[in-house]
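Remarks on the overall topology
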Amino acid sequence: MPGPELRQIRAFVTAFARRQAARTVELPGGFAVLDDAFAFSHGNNRVLVDGIDGTVDPEALPVLADEALAHLKHRAITVLDDATGTACAGPLIRAGYFHSAELVMLHTGPVPDGGGAEEVDLDAFRVPLARRWRGFLPQADDDAVRQLVDRRETRRRGADVVGFIGARTAEGDVASWADLYMDPASGIAQIEDLITSEDHLGRGYADAVLSTALRRAVGAGCATRFLIADADDWPRYWYGRRGFTVIGRFHSFGRD
């Protein structure tokens, strides 16, 4: 059984997805979130499976996803329970999906002093964010990049408190940024999509953003502070050196 923090985090992620969605479709063991304005975005158009009640049939999941996402070019499924995700991997891989694991990382270290970053509007980092997306997805056209940038505003619906935290250069440009989602009533906060502009890598701007986000979460009374990191990518180790500990796994499946 998952620990209390992991159960709380799964509930938060599920609620965030529902609140952010333009519409939802209920499915056995989960639901689909949909937003036609951002059809290219897998995060805004996907199936989420929580696996809590044991009603998920791994063999039926590919068909359920095809039905729920039939109008889209892509297929995306997130499974929030580790055992269920492992059970679903075989049927989904046979159906042509790729599989990746995401680590749920809880902040258990000391809260850093200071930070030096601030809350910013999307327009303040729209240009460097678009540039980074073009680097991540060189095959994406201009409309796809626009969607991946503009979708960030829909995240303001996802939690009671949503802010964009940015660290500026001496010239005033936003060099690094991240989302901060908080539910002070339940004492939980998520830090998401921490990115640094290529021109400013390795200069401490990401540390400033992360420290500021953590300080804000503590100030809001959020004792449970977490983020989600790719299990196979280097940032997990960067976060580990900054007091984050792995407490669970989510599973992501996709097909273009």
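Residues numbered from 1 in each chain as written. Predicted model: local features only at pLDDT ≥ 70, side-chain atom pairs only at ≥ 80, totals over all residues. Heavy atoms only, no water.

**Some details on the overall build of the protein**
Spelled out, the test is: Here a strand is any run of E in DSSP of at least two residues, a helix any run of H or I of at least four, and the numbering for each starts at the N terminus. The globule rule used here is 2.2 Å times the number of residues to the 0.38 power, and the radius of gyration it is set against is calculated over C-alpha atoms. Burial classes: relative accessible area under 20% of the type maximum marks a residue as buried, over 50% as exposed, and values in between as partly exposed (1.4 Å probe, protein chains only). Only heavy atoms enter the contact rule, under which two residues are in contact if any of them lie within 4.5 Å. The method behind every accessible area is Shrake-Rupley, applied with a 1.4 Å probe, and residues are considered shielded solely by the protein chains displayed. For the purpose of charge, His is not counted, nor are the chain termini; Lys and Arg are scored as positive and Asp and Glu as negative. By convention, the point assigned to a charge is CZ for Arg, NZ for Lys, CD for Glu and CG for Asp.
Across its full length, the protein carries seven helices and eleven strands. In terms of C-alpha radius of gyration, the protein reaches 18 Å, essentially the compact-globule figure of 18 Å for 256 residues. Overall, the protein is about 55 × 40 × 30 Å in size when its C-alpha atoms are taken along their principal axes. Residues classed as buried in the protein amount to 52% of the 256 residues present. Taking the intrachain contacts of the protein between residues at least 6 apart in sequence as the baseline, contacts between residues at least 24 apart amount to 69%. Of the roughly 11,600 Å² of accessible surface on the protein, 51% is carried by carbon and sulfur atoms. Taking the 29 positively charged and 37 negatively charged side chains of the protein as two groups, their mean positions are separated by 2 Å.

**Some words on the side chain of R46**
Here is the rule we go by: For salt bridges, the criterion is a side-chain nitrogen of Lys or Arg within 4 Å of an Asp or Glu carboxyl oxygen. Counting of polar contacts relies on pairs of N or O atoms within 3.5 Å, with two restrictions inside protein: one atom must be capable of donating a hydrogen and the other of accepting it, and residues adjacent in sequence are counted only when both atoms are side-chain atoms.
Along the chain, R46 turns up in strand β3 (residues 46–49). At 6.2 Å, E102 is the nearest oppositely charged side chain to R46, a buried residue that forms no salt bridge. In this structure the side chain of R46 is engaged in a polar contact, spanning 3.2 Å, whose partner is the backbone oxygen of G43. Within polar-contact distance, the side chain of R46 engages the side chain of T78 at 2.9 Å.

**Digging into helix α1 (residues 4–20)**
So the rule is basically this: By this rule the span expected of a helix is its residue count minus one, scaled by 1.5 Å.
With 17 residues, α1 should reach 24 Å at 1.5 Å per residue; the first-to-last C-alpha distance of 24 Å fits that figure. If you check which residues of α1 are buried, you get L6, I9, R10, F12, V13, T14, F16, A17 and Q20.

**A closer look at the nonpolar core**
Side chains of nonpolar character tend, in soluble globular proteins, to be buried together. Heads up, the condition is: Take the buried Ala, Val, Leu, Ile, Met, Phe, Trp, Tyr and Cys residues and link them wherever side-chain atoms come within 4.5 Å; each set so joined is a nonpolar core.
One finds I191, L194, L210, Y239 and F244 to be the most contacted residues of the largest nonpolar core, which totals 28 residues. Residue assignment for this core shows that the elements contributing at least two residues are β5 (98–107), β7 (161–168), β8 (174–183), β9 (188–196), α6 (205–219), β10 (224–230) and α7 (235–240). Looking at this core element by element, the count peaks at eight residues for α6. Apart from residues no more than four positions distant in its own chain, L210 is found in contact with I191, L194, W238, Y239, R242 and F244.

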